[in-house]
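Residues per chain are reported as follows:
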Amino acid sequence: RDLHSFPTRRSSDLVFVKNPDTEAKNLENHIVVFPDASPEFSMLYRHAKGIIFQSGGAMSHGAIVAREYRIPAISLGGHELTWEPNTNVLLSGTEG
């Protein structure tokens, strides 16, 4: 995992986003899994309690925006997250 985040911990259920047209209200108070850290998803980041990028790095657009919003975020370095939606997770911007 690649840490590129605001150093805090947040716990919540997972929501997976596959396209940028997802309703922001469906993301409130969730740890949100995005396929990548591309700019097309950036308008949704501020609604998330935490972010998991399946690809992207510390200097990616998504990582920079997440830090600006003070949201903990990690990247899986191109690996696909196999957990089920609504799984409760603890996301640590310090430990991963």
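Structure shown above.
None of these values were measured; they are calculated from a predicted model.

Colleague: Hey, could you run me through the overall build of the protein in this one?
Modeller: A tally of regular secondary structure across the protein gives 2 helices and 6 strands. Starting at the N terminus and walking to the C terminus, you meet the elements of the protein as β-β-β-α-β-α-β-β. Its C-alpha radius of gyration of 11 Å places the protein within 12% of the 12 Å reference for a compact globule of 96 residues. With the C-alpha coordinates aligned to their principal axes, the bounding extent of the protein is approximately 25 × 25 × 25 Å. Taken over 96 residues, the protein has a buried fraction of 42%. Partitioning the contacts of the protein with sequence separation of at least 6, the portion at a separation of at least 24 is 47%. Charged side chains in the protein number 9 positive and 11 negative. The centres of these two groups are separated by 8 Å.

Colleague: How should unusual backbone geometry be read in this particular structure?
Modeller: For residues other than glycine, phi is negative in most cases, and the peptide bonds are mostly trans. One non-glycine residue, Asn29, lies in the positive phi region at around 60°. Secondary-structure assignment places Asn29 in the loop between β2 (9–16) and β3 (31–34). The exposed category is assigned to Asn29, whose relative accessible area is 55%. The phi torsion at Asn86 lies on the positive side, around 75°, for a residue other than glycine. Topologically, Asn86 is positioned in the loop between β5 (73–75) and β6 (88–92). Taking relative accessible area as the criterion, Asn86 reaches 56% and is therefore assigned exposed.

Colleague: Looking at this structure, I do not really get the packing of aromatic side chains. What am I missing?
Modeller: Centre-to-centre distance and the angle between the planes together describe a pair of aromatic rings. Tallied over the entire structure, the rule returns 4 aromatic pairs. Residues Phe34 and Phe41 carry aromatic rings whose centres are separated by 5.4 Å and whose planes lie at 55° to one another, so their mutual orientation is tilted. You'll find Phe34 and Phe41 in the same group, each marked buried. Aromatic pair Tyr45 and Phe53: ring centres 5.6 Å apart, planes at 80°, arrangement edge-to-face. For the pair Tyr45 and Phe53, one class covers both residues: buried. Among the aromatic residues, those joined into a cluster by ring pairs are Phe34, Phe41, Tyr45 and Phe53.

Colleague: Would you mind showing me how to read helix α2 (residues 61–68) here?
Modeller: Side chains that are three or four residues apart share a direction in an α-helix, a result of its 3.6 residues per turn. Regarding α2, the residues found buried are Gly62, Ala63, Val65 and Ala66. One side of α2 holds all its buried residues, which, seen down the axis, span an arc of 165°. Within two residues after α2, Arg70 carries a phi angle of roughly 60°, on the positive side.

Colleague: In this structure, what is going on with the pairing of strand β4 (residues 50–53)? I would like to understand it.
Modeller: Within a regular beta strand, the side chains point alternately toward one face of the sheet and then the other, so they alternate between its two faces. Taking every second residue as pointing to the same face, both faces of β4 are buried, with Gly50 and Ile52 on one and Ile51 and Phe53 on the other. Relative to β4, β3 runs parallel, the two sharing 4 bridges. Considered in β4, the bridge of Ile31 is made with Gly50. Pairing between β4 and β5: 3 bridges, direction parallel. The residue of β5 that forms the bridge with Ile51 is Ala73. Note that the unit made of β4, α2 and β5 has a crossover that is right-handed.

Cut-offs applied
- Each chain carries its own residue numbering, running from 1 in the written order of its sequence.
- Given that the model is predicted, a residue must reach a pLDDT of at least 70 before its local features are reported, and side-chain atom pairs must reach 80 or more before they are shown or counted; all residues, however, enter totals for whole chains, interfaces and linings.
- Side-chain metrics in this entry use all non-hydrogen atoms of the structure; hydrogen atoms and water are not considered.
- Put simply, DSSP H or I for four residues or longer makes a helix, DSSP E for two residues or longer makes a strand, and each gets a number counted from the N terminus.
- Here the globule rule is a power law, 2.2 Å times the number of residues to the power 0.38, and the radius of gyration is based on C-alpha atoms.
- Relative accessible area decides the class of each residue, using a 1.4 Å probe on protein chains only: under 20% of the type maximum gives buried, over 50% gives exposed, and in between gives partly exposed.
- Residue contacts are counted whenever heavy atoms from the two residues lie within 4.5 Å of one another.
- A residue counts as positive if it is Lys or Arg and as negative if it is Asp or Glu; His and the chain ends are not included.
- Note on charges: their place is set at NZ of Lys, CZ of Arg, CG of Asp or CD of Glu.
- Think of it this way: a Phe, Tyr or Trp ring, Trp meaning its six-membered ring, pairs with another when their centres are within 6.5 Å, and the plane angle makes it stacked under 30 degrees, edge-to-face over 60, tilted otherwise.
- Relevant arc is that of directions from the helix axis to the C-beta atoms, nothing else.
- The pairing criterion for strands is at least two bridges between them, as found by DSSP.
- We call a crossover right-handed when, viewed with both strands directed away from the observer, the connection leading from the first strand over the helix to the second proceeds clockwise.

In short, geometric facts, not functional conclusions.
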